[in-house]
Amino acid sequence: MLGLSLAEMFEMAESKDFVALFISFSLQVKMEFVFREFQGTNVVGVLKGSSPHASAQAVIFSGHLDHLGTRNGTVYPGALDNASGASLVLALAECFAKAALSLNRTLLFLFPTAEESGLLGSAYYANHPFISMNNTISVINFDIANLWGATRDISILGQSYSELGSVFEVYGKENNMSLSPDPFPSAGFFFRSDHLSFAKLGVPGVWVFCGKSFIGQPPDFFQKVIVEGYYNKCYHQPCDSLDAKFLYEGAIQQAQVSAAVAYGLLATSYTPSCLNHGKCM
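Residues numbered from 1 in each chain as written. Predicted model: local features only at pLDDT ≥ 70, side-chain atom pairs only at ≥ 80, totals over all residues. Heavy atoms only, no water.

## Section: empty space enclosed by the protein
Formally: Only protein atoms enter the 1 Å grid used here. Points where a 1.4 Å probe fits but cannot escape make up a cavity, open sets with protein on both sides within 12 Å along at least five of seven lines make up a pocket, and a residue lines them when an atom lies within 4 Å of a point. Grid points are joined across faces, edges and corners, and a volume is the space filled by probe spheres set on the points.
According to the stated counting rule, one finds one cavity of 30 Å³ or more in the structure shown. Taken as a whole, the largest cavity spans an internal volume of roughly 30 Å³. Residue lining of the largest cavity: Ile-144, Trp-148, Phe-209, Cys-210, Ile-226 and Tyr-231, and that is the complete set.

So this is what it looks like as structure tokens:
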């Protein structure tokens, strides 16, 4: 088609100078949709801030608790997507609670439901919040934790939409990690997880994503293992299941950097701003 491969089309589309191409054929598609009503439950944990005034403001850690359930008798476990991300939020909740730090602002641990059905749980929370969106400082979202090993870098999806990206850059360097760009820009991942429900309402929100430079691994490790081995084969498939080969050093790095960012926001009065004319997306 047009003498171009799909890879060449993607490469063209990523250029700022891209101009749409005219294709001289038409296509008709017929699809049937089945709608069902259901009730889901969001879970929220609260670590109240100590300041009488600043405790009315909140920083949120989020990680959706749902996956795809059972389809045609087959279980879709969702070990990486998103038991791993929800587990990171639980681990952070335990760490902050045990540390007994003096936090001016309130820290919320949000486990939205129905992310896989269109971010429904986080959208509901954003419109019925425990602390208002005007007083929600930032949202740090985990969706598919790095269970492949330690990296030299970390990718923060949405880093260019708000000053929260610069905060991650500072604390990333303190943890010997550089910030790398979105590894899948054409996939639009920023628009596909729960932080988006908050970014739409002007709250700085990011998705803490996996880096690409793996310590002790060949340069093509990310492409071979994560892109081809997970995303092309097991993403939203039954094989996204618990694996004894999971390595947790990368997830620990994600948690450490995110905890440092959150603490920097909780213990101070700094409030990140949106960078896109008041919009965080």
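## Concerning unusual backbone geometry
Test applied: Helical segments are the DSSP runs of H or I of at least four residues, strand segments are the runs of E of at least two, and each set is numbered from the N terminus.
At the junction of Asp-81 and Asn-82, the peptide bond is cis and its omega measures out at 10° in the coordinates. One non-glycine residue, Asn-72, lies in positive phi territory at about 50°. Looking at the element boundaries, Asn-72 is found in the loop between strand E3 (69-71) and strand E4 (74-76). Despite not being glycine, Ala-100 has its phi angle at roughly 50°, a positive value. Structurally, the position occupied by Ala-100 is in the loop between helix H2 (79-99) and strand E5 (106-111).

## Considering the side chain of His-67
For clarity, the cut-off: Each residue is assigned to one of three classes by its accessible area relative to the maximum for its type, calculated with a 1.4 Å probe on protein chains only: buried under 20%, partly exposed between the two thresholds, exposed over 50%. Pairs of N or O atoms within 3.5 Å make up the polar contacts considered here, provided that, within protein, one atom can donate a hydrogen while the other can accept it, and that residues adjacent in sequence are counted only when both atoms are side-chain atoms. Whether two residues touch is decided by their heavy atoms; if any such pair falls within 4.5 Å, the residues are in contact.
One can find His-67 in the loop between strand E2 (58-62) and E3. Note on His-67: relative accessible area 15%, which makes it buried. Only 2.5 Å separates the side chain of His-67 from the backbone oxygen of Asp-81, close enough to count as a polar contact. Setting aside residues no more than four positions away along its own chain, His-67 makes contact with Tyr-76, Pro-77, Gly-78, Asp-81, Asn-82, Glu-116, His-236 and Asp-240.

## What about the sheet that holds strand E8 (residues 178-180)?
Heads up, the condition is: At least two DSSP bridges between two strands are required for those strands to pair. In this description, a line fitted to the C-alpha atoms serves as the axis of each element, helices being fitted only across the stretch in contact, and the angle between N-to-C directions of two axes falls anywhere from 0 to 180 degrees.
Across the sheet, which stays open at both edges, the seven strands sit in the order E1-E5-E2-E6-E9-E7-E8 with mixed pairing between neighbours. For this open sheet the edge positions go to strand E1 (43-47) and E8, each flanked by a neighbour on one side alone. Taking each pair of neighbouring strands and ignoring which way they run, the sheet shows an average axis angle of 25°. Strand direction decides the pairing type here: E2 and E5, joined by five bridges, are parallel. In the strand pairing of E5, Ile-60 is matched with Leu-108. Across the sheet, H2 touches E1, E2 and E5, and the angle it forms with E5 is around 155°.

## Digging into the pattern of salt bridges
Just so we agree on the cut-off: Salt bridges are counted wherever a side-chain nitrogen of Lys or Arg sits within 4 Å of a carboxyl oxygen of Asp or Glu.
Using the criterion set out here, one finds one salt bridge in the structure. Two residues, Lys-98 and Glu-94, come together in a salt bridge whose shortest N-O distance is 2.9 Å. Placement of the pair is Lys-98 and Glu-94 together in helix H2, with a separation of four residues, close to one helical turn. Classification of Glu-94 by relative accessible area gives partly exposed; the value is 45%.

## Things to note about the state of the cysteines
Worth spelling out the cut-off: What counts as a disulfide here is a pair of cysteine sulfur atoms lying within 2.5 Å.
The tally for this structure, following the rule as stated, stands at two disulfides. Across the disulfide, Cys-234 is cross-linked to Cys-239 (sulfur-sulfur distance 2.1 Å). In this structure, the disulfide formed by Cys-234 and Cys-239 twists by about -120° around the S-S bond and is classed as left-handed. Among the residues examined, Cys-234 registers a relative accessible area of 14% and is labelled buried. A sulfur-sulfur separation of 1.8 Å characterises the disulfide bridge that pairs Cys-274 with Cys-280. Across the disulfide from Cys-274 to Cys-280, rotation about the S-S bond amounts to roughly -80°, and the bridge is consequently left-handed. You'll find Cys-274 and Cys-280 in the same group, each marked buried. The cystine pairing of the protein chain, numbering bonded cysteines in sequence order, is 1-2, 3-4. Here Cys-210 is not cross-linked by a disulfide; its sulfur's nearest cysteine counterpart is in Cys-234, at 16 Å.

## Here we look at the nonpolar core
Cut-off, in case you're wondering: Throughout, nonpolar core names a set of buried Ala, Val, Leu, Ile, Met, Phe, Trp, Tyr and Cys residues whose side chains join them through atoms within 4.5 Å.
Of all hydrophobic cores here, the largest spans 52 residues; its most connected members are Phe-61, Phe-96, Trp-148 and Phe-168. Excluding residues that lie within four positions of it along the chain, Phe-168 makes contacts with Ile-140, Ile-156, Leu-179, Val-206, Val-208, Val-257, Ser-258 and Val-261. Ala-58, Ile-131, Val-139 and Val-203 belong to the second-largest nonpolar core, a separate cluster that totals eleven residues.

## Here's the deal with the layout of surface pockets
Going by this rule: Lys, Arg, Asp and Glu make up the charged group, whereas Ala, Val, Leu, Ile, Met, Phe, Trp, Tyr, Cys and Pro make up the nonpolar group; the residues left over, Gly among them, are polar.
Each pocket or cavity is described by its volume, and for the largest pocket that value is around 340 Å³. Lining the largest pocket we find 13 residues, and of these Arg-36, Phe-38, Arg-71, Glu-116 and Ser-117 sit closest to its centre. Taken together, the residues that form the lining of the largest pocket break down as four nonpolar, five polar and four charged. For the second largest pocket, the calculated volume is near 290 Å³. Around the second largest pocket sit 15 residues that line it, and Leu-80, Trp-148, Val-225, Asp-243 and Phe-246 are the ones nearest its centre.

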